[in-house]
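Structural features, examined
Each chain, written out:
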Amino acid sequence: MTDTNKTASLTVPGIAEPIELAMHSGTLGPDVIDVSKLVGKGLFTYDPGFVSTAACDSDLTYIDGDNGVLLHGGYPIEQLAEHSNYLELCYLLLNGELPTKQQAEEFETTITNHTMVHEQLAQFFRGFRRDAHPMAIMCGVVGALSAFYHDSLDIDEEHHRSVTAHRLIAKMPTLAAMSYKYSQGQPFMYPRNDLGYAANFLYMMFGTPCENYEPNPIIAKAMDRIFLLHADHEQNASTSTVRLAGSTGANPFACVAAGIAALWGPSHGGANEAVLNMLAEIGDESRIDEYVAKAKDKDDPFRLMGFGHRVYKNYDPRAKVMQQTCHEVLSELGVEDSPTLKMAQRLEQIALEDPYFVERKLYPNVDFYSGIILKAIGIPEELFTVIFATGRTPGWIAQWNEMISGSYKIGRPRQLYRGPAKRDYTPMAKR
Ligand code: SDX
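The present account deals with the structure reproduced in this document. (Residues numbered from 1 in each chain as written. Predicted model: local features only at pLDDT ≥ 70, side-chain atom pairs only at ≥ 80, totals over all residues. Heavy atoms only, no water.)

Our focus in this paragraph is the environment of Met 278. Tracing the chain through its elements places Met 278 in helix H11 (residues 271-282). For Met 278, a relative accessible area of 3% corresponds to the buried category. Sequence separation of Met 278 and Leu 304 is 26 residues, and the distance between their C-alpha atoms is 7.8 Å. For Met 278, the residues in contact, after removing those within four places along its chain, are Phe 302, Arg 303, Leu 304, Met 305 and Leu 347. (Helix = DSSP H or I, 4+ residues; strand = E, 2+ residues; numbered from the N terminus. Buried < 20%, exposed > 50% of the residue type's maximum accessible area, 1.4 Å probe, protein only. Contact = heavy atoms within 4.5 Å.)

Listed below in structure tokens is the structure:
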């Protein structure tokens, strides 16, 4: 953060002198006006949904929504998707620089050696009904991880923060696969240390003790890219939840569990599952116009899932890479003419031409194509947001670590109170 000599001058009725507010500049993006002193003047800012509010400063990820730019550590997501891999991006988010060859190998070994979960954790799954939504299970078991690691919960200890980050990144795929296996009534598959991160996830998902299962390398590469595209995304709702929970000093497993809960909503990470449910509800191309009309109807709560974004008012750069990955996977699986993909492409074409969507700058977002890929791979819709949570874990824990390792205050927003003014208690006889 660069302290500028710029100040903003705020003139407020009833306050004689203009209020001078300091301004700060970042490396990229808008300047910010520091309004923290307003409370001393008897004023609050008002910004429901935090549309114009920078809640923190961060070095990790930069988004330029008007130009469809997403940078991690300064590197464009398109270049990372083409040349990097998920664990390398995890390293970048945790350390601020891309790893050397040796650092990358050591990091991969560290993550690999943390992929197993405590045997007793498997008992937690048995408390859930077989048809429990996997996100409900993930909220529970990720929060429960803190019950197993009393040796590393001192958030002021850098080593504890580091080992916790490695444990979470390593164990999320194992827990995600376990939540799937549990729903299928199949035995949990132990991770294999001879497989890469994404291939290991596919093995734990689709392997069984009855026969050898080797993941398709093209599908594994697509899975790795899906994790990579979800890794971090500035101060989105679930990351802000992790930061707010972390600002109280809560342990990182509980904070990430809070992030998982926030991600579950259909307006956020639940959108990938909602896209497939929407396409299934539309049924076929002949009904697309009917549903586009519903999406435009102010009196109809229906929205086109997978479209629009709080920040991107241009194409979500992740959606472009996801669309390309979609074609690669469907081609590899020989399902290129999938009716679902055709319907999605028709919907996208309409949305990119229809004035309602064009005027509101509603483009496909990261969730629009990801579900089509995941379904083609054989992953059930209810697991889509679990995949998102798995991919987003390095972002959550890197943002948490950035806050905890620096100076921070407990997050405590205020409000515009619209309730009754002070009044005396009304005895029952007078009500
Ligand atoms: C993610 O923040 C992040 O970075 C999130 C994320 C990440 O990586 O963490 O990128 C992941 O959550 C992507 C978004 C996934 N959600 C969806 O696809 C659900 C569908 N999208 C919408 O619910 C909506 O676009 C949001 C929630 C994503 C953004 O909502 P905003 O910024 O609050 O926008 P808004 O509701 O103020 O909408 C502006 C206008 C409104 O119309 P008007 O009142 O101006 O006439 O656009 C309309 C909205 O009604 N609109 C839509 C729409 N999205 C917005 N109309 C129809 N279909 C839609 N999808």
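Okay, back to it.
Neighbouring the ligand are 24 residues; His 233, Leu 304, His 309, Arg 318 and Arg 392 lie closest to it. One nitrogen or oxygen atom from the side chain of Lys 298 is found 3.2 Å from an oxygen atom belonging to the ligand. Within the backbone of Phe 307, an N or O atom sits 2.9 Å from a nitrogen atom of the ligand. In the complex, 78% of the free accessible area of the ligand, which totals 1100 Å², lies under the protein chains. (Near = heavy atom within 4 Å. Polar contact = N/O pair within 3.5 Å; in protein donor to acceptor, adjacent residues only side chain to side chain. Areas by Shrake-Rupley, 256 points an atom, 1.4 Å probe, with all protein chains shown as cover.)

What follows deals with the environment of Pro 339. Looking at the element boundaries, Pro 339 is found in helix H14 (residues 339-353). It is 33 Å that separates the C-alpha atoms of Pro 339 and Phe 188, two residues lying 151 residues apart in sequence.

With that out of the way, let us pick up the nonpolar core. Ranked by internal contacts, the top residues of the largest apolar core, which has 120 residues, are Leu 175, Phe 201, Met 223, Leu 347 and Ile 379. Discounting residues that sit within four places of it in the chain, Leu 175 has contacts with Val 117, Leu 121, Phe 125, Met 138, Val 141, Val 142 and Leu 145. One finds Ala 8, Val 12, Leu 21 and Leu 38 within the second-largest nonpolar core, a separate group that totals 6 residues. (Core = buried A, V, L, I, M, F, W, Y, C linked by side-chain atoms within 4.5 Å.)

Right, let's talk about the packing of helix H16 (residues 366-377) against helix H17 (residues 384-404) for a bit. Viewed as axis vectors pointing N to C, H16 and H17 meet at an angle of 110°, and their least axial separation amounts to 10 Å. Put simply, H16 runs roughly perpendicular to H17. Judged by the sense of rotation from one axis to the other, the crossing of H16 with H17 is right-handed. Across the interface between the two elements, Asp 367, Gly 371, Leu 374 and Lys 375 from H16 touch Phe 384, Ile 387 and Phe 388 from H17. Tallied by class, the residues present in the contact of H16 with H17 amount to 4 nonpolar, 1 polar and 2 charged. (Axes fitted to C-alpha atoms, helices over the stretch in contact; angles between N-to-C directions. Parallel < 35°, antiparallel > 145°, perpendicular 65-115°, else oblique. Left-handed = near helix turned anticlockwise from the far one by under 90°. Nonpolar A, V, L, I, M, F, W, Y, C, P; charged D, E, K, R; others polar.)

A separate point is helix H2 (residues 86-95). Burial analysis of H2 places 8 of its 10 residues in the buried class, the great majority of the element. All buried positions along H2 are accounted for by Tyr 86, Leu 87, Leu 89, Cys 90, Tyr 91, Leu 92, Leu 93 and Leu 94. Where H2 begins, the capping side chain belongs to Asn 85, and its oxygen is found 3.2 Å from the backbone nitrogen of Leu 87. Taken from the residues just after H2, Gly 96 is the one with a positive phi, measuring 85°.

Further remarks concern the packing of helix H9 (residues 237-246) against H17. With their axes 9 Å apart at the nearest point, H9 and H17 run at an angle of 35° to one another. When the axes of H9 and H17 are compared, the crossing they make is right-handed. Between H9 and H17, the contacting residues are Ser 238, Thr 239, Val 242, Arg 243 and Gly 246 on the first element and Arg 392, Trp 396, Gln 399, Trp 400, Glu 402, Met 403 and Ile 404 on the second. Its residues assigned to classes, the contact of H9 with H17 comprises 5 nonpolar, 4 polar and 3 charged.

Bringing helix H8 (residues 217-229) into the picture now. Taking 1.5 Å of rise per residue, 13 residues should cover 18 Å, and H8 covers 18 Å from first to last C-alpha, within 8% of that figure. The buried fraction of H8 amounts to 10 of the 13 residues, a majority that puts the element mostly inside the structure. Three or more residues of H8 are buried, namely Ile 219, Ala 220, Ala 222, Met 223, Asp 224, Arg 225, Ile 226, Phe 227, Leu 228 and Leu 229. Tucked inside the fold, the buried residues of H8 contact helix H1 (77-83), H2, helix H7 (197-206), helix H13 (317-332), H16 and H17. Sitting at the amino-terminal end of H8 is Asn 216, which places a side-chain oxygen 2.7 Å from the backbone nitrogen of Ile 218. (Expected span 1.5 Å × (residues − 1).)

A few words on the side chain of Ser 238. On the secondary structure map, Ser 238 appears in helix H9. For Ser 238, a relative accessible area of 0% translates into the label buried. Reaching out from Ser 238, the side chain makes a polar contact with the side chain of Asn 236 at a distance of 2.8 Å. Of note is the side chain of Ser 238, whose polar atom sits 3.2 Å from the side chain of Trp 396.

The values are spatial; any link to function lies outside them.
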